[in-house]
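So you can see what is in the structure, the chains are spelled out below.
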Amino acid sequence: MIDQTTPPLQRRKFLYGMLAGLGAVIGAASAWPVFRFLSPLKGDGGDAQVLVPRAQVAPGKAHLFQYLGKPAVVLQPAPGQFVALSAVCTHLGCVVAWQEQAGEFLCPCHGGRFSATGQVLAGPPPTPLEQFAVIVDGDQLRIG
């Protein structure tokens, strides 16, 4: 039953307000999964050292793995030379991606660029990517 004493304009304003509130809730709920996708996973710490098979890191290629519960990457910029870095951008913590053609890392959040050794090339990142020690142990890479 409709209350005839309330003018239709006030009911319409109330309904528009409810729809706007519902839209805000849906927008916020859909933004959270996108943020979590671009952010690194939180871990329990993991192992202090990680073994990566040397065969998984071809020259010019990068291999992603978890180090101390966070994304990390090892690459072989030149034959026999290995570099291990944190894959977490130092700007806002997004996960960087290796751009093989350009030979650099790119942060998808704000366009930060890093060299193959983790140095800042462009964009807002304030510091280089964290580096990890790499020891070649036969056919394994010991990282950390």
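Residues numbered from 1 in each chain as written. Predicted model: local features only at pLDDT ≥ 70, side-chain atom pairs only at ≥ 80, totals over all residues. Heavy atoms only, no water.

1. Looking at the sheet that holds strand β11 (residues 140-143)
Turning to step 1, where the next piece is worked out: An order of β1-β11-β10 is seen for the 3 strands of this open sheet, with the pairing classed as antiparallel. The open sheet has two edge strands, β1 (50-53) and β10 (134-137), and neither has a second partner. Going from strand to strand, the sheet's axes swing by 30° on average, the running direction of each strand aside.
Turning to step 2, where the next piece is worked out: Both β10 and β11 contribute to a ladder of 4 bridges, which runs antiparallel. Note that in β11 the partner of Ile135 across the bridge is Arg142. (Pairing = 2+ DSSP bridges. Helix = DSSP H or I, 4+ residues; strand = E, 2+ residues; numbered from the N terminus. Axes fitted to C-alpha atoms, helices over the stretch in contact; angles between N-to-C directions.)

2. Observations concerning the state of the cysteines
Turning to step 1, where the next piece is worked out: Applying the stated criterion to the full structure yields 1 disulfide.
Turning to step 2, where the next piece is worked out: Between Cys94 and Cys109 runs a disulfide, and the two sulfur atoms are separated by 1.8 Å. Here Cys94 and Cys109 share a disulfide; its torsion about the S-S bond, -100°, makes the bridge left-handed. With Cys94 in the loop between β4 (81-86) and β5 (97-99) and Cys109 in the loop between β6 (104-106) and β7 (113-114), this residue pair connects regions lying 15 residues apart in the sequence.
Turning to step 3, where the next piece is worked out: Looking at Cys94, the relative accessible area reads 8%, which means it is buried.
Turning to step 4, where the next piece is worked out: According to the relative accessible area criterion, Cys109 is partly exposed, its value standing at 24%.
Turning to step 5, where the next piece is worked out: As a non-bridged cysteine, Cys89 has Cys107 as the owner of its nearest cysteine sulfur, 3.7 Å distant. (Disulfide = S-S within 2.5 Å. Buried < 20%, exposed > 50% of the residue type's maximum accessible area, 1.4 Å probe, protein only.)

3. A look at the pattern of salt bridges
Turning to step 1, where the next piece is worked out: What the rule picks out here adds up to 3 salt bridges.
Turning to step 2, where the next piece is worked out: For the salt bridge of Glu104 with Arg113, the shortest nitrogen-to-oxygen distance reads 2.6 Å.
Turning to step 3, where the next piece is worked out: Judged by relative accessible area, which is 31%, Arg113 ranks as partly exposed. (Salt bridge = Lys/Arg side-chain N within 4 Å of Asp/Glu carboxyl O.)

4. Considering the packing of aromatic side chains
Turning to step 1, where the next piece is worked out: Tallied over the entire structure, the rule returns 2 aromatic pairs.
Turning to step 2, where the next piece is worked out: For the pair Tyr67 and Phe132, a centre-to-centre distance of 4.4 Å together with 50° between the ring planes defines the contact as tilted. Here Phe132 lies in strand β9 (residues 131-132) and Tyr67 lies in strand β2 (residues 62-67), a separation of 65 residues in the sequence. Taken individually, Tyr67 and Phe132 each receive the classification buried, so the pair is uniform in this respect. (Phe/Tyr/Trp six-rings, centres within 6.5 Å; stacked < 30°, edge-to-face > 60°.)

5. What to know about the environment of Lys61
Turning to step 1, where the next piece is worked out: Mapping Lys61 onto the fold places it in the loop between β1 and β2.
Turning to step 2, where the next piece is worked out: Lys61 gets classed as partly exposed once you look at its relative accessible area, which sits at 37%.
Turning to step 3, where the next piece is worked out: In the structure, Lys61 is positioned 15 residues away from Gln76 in sequence and 6.3 Å away in space, judged by C-alpha atoms.

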